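Spelled out, the chains give:
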Amino acid sequence: MTATILYIEDNADNLLLVRRALEARGYRVVEAVDGVDGLAQVEREHPDVVLLDINLPDVDGYEVVRRLRANPAWRTLPVVAITAKALPGDAERALAAGCDLYMSKPIAVRALWATLERLLSTQPKGQAERFGTD
Ligand code: MN
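Residues numbered from 1 in each chain as written. Predicted model: local features only at pLDDT ≥ 70, side-chain atom pairs only at ≥ 80, totals over all residues. Heavy atoms only, no water.

Quick look at the overall build of the chain
- Within the chain, the secondary structure is distributed over five helices and five strands.
- Going from the N terminus to the C terminus, the chain shows its helices and strands as β-α-β-α-β-α-β-α-β-α.
- Taking the intrachain contacts of the chain between residues at least 6 apart in sequence as the baseline, contacts between residues at least 24 apart amount to 64%.
- Here the chain has roughly 6900 Å² of accessible surface; of this, 53% comes from carbon and sulfur atoms. (Helix = DSSP H or I, 4+ residues; strand = E, 2+ residues; numbered from the N terminus. Contact = heavy atoms within 4.5 Å. Areas by Shrake-Rupley, 256 points an atom, 1.4 Å probe, with all protein chains shown as cover.)

Here is the structure:
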């Protein structure tokens, strides 16, 4: 079963970079360009992992993950904060708001692949299932 990755990001260049990088690895990529749409896409698509920009045009990423975590259905959904912000305390703030991990821009493709593989290997649904015994 192909894992679905939702990327909530308002920057078109980053959306394209991540889409290409993840599709090259066989992931299905779903996009949202603001926080409210991102929350709607979680409900619609049931992604296996959410990549979450912090600076969004409506509600910020901290608020997105807070709203997700308020719903028991999404309490354990892996959420990775991805942000250009490099101020001291940002990582801690993202984690405190409910993100599982924090990655800084510019996005390092290999690190992203490795992070997703690790997150999905602990999920019941995901790419790891493809490599069964046969
Ligand atoms: Mn942004």
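Continuing now.
A short note on the pattern of salt bridges
- Considering all chains together, one arrives at nine salt bridges under this definition.
- Salt-bridge contacts for E31 lead to R19; the nearest nitrogen and oxygen are separated by 2.9 Å. With E31 in strand β2 (residues 28-32) and R19 in helix α1 (residues 12-24), the pair connects residues that are twelve residues apart, well separated along the chain.
- Residue E31 is classed as partly exposed on the basis of its relative accessible area of 26%.
- Taking relative accessible area as the criterion, R19 reaches 25% and is therefore assigned partly exposed.
- Where salt bridges share partners, they join E9, D53 and K105 into one cluster. (Salt bridge = Lys/Arg side-chain N within 4 Å of Asp/Glu carboxyl O. Buried < 20%, exposed > 50% of the residue type's maximum accessible area, 1.4 Å probe, protein only.)

Worth remembering: the numbers are spatial, not functional.
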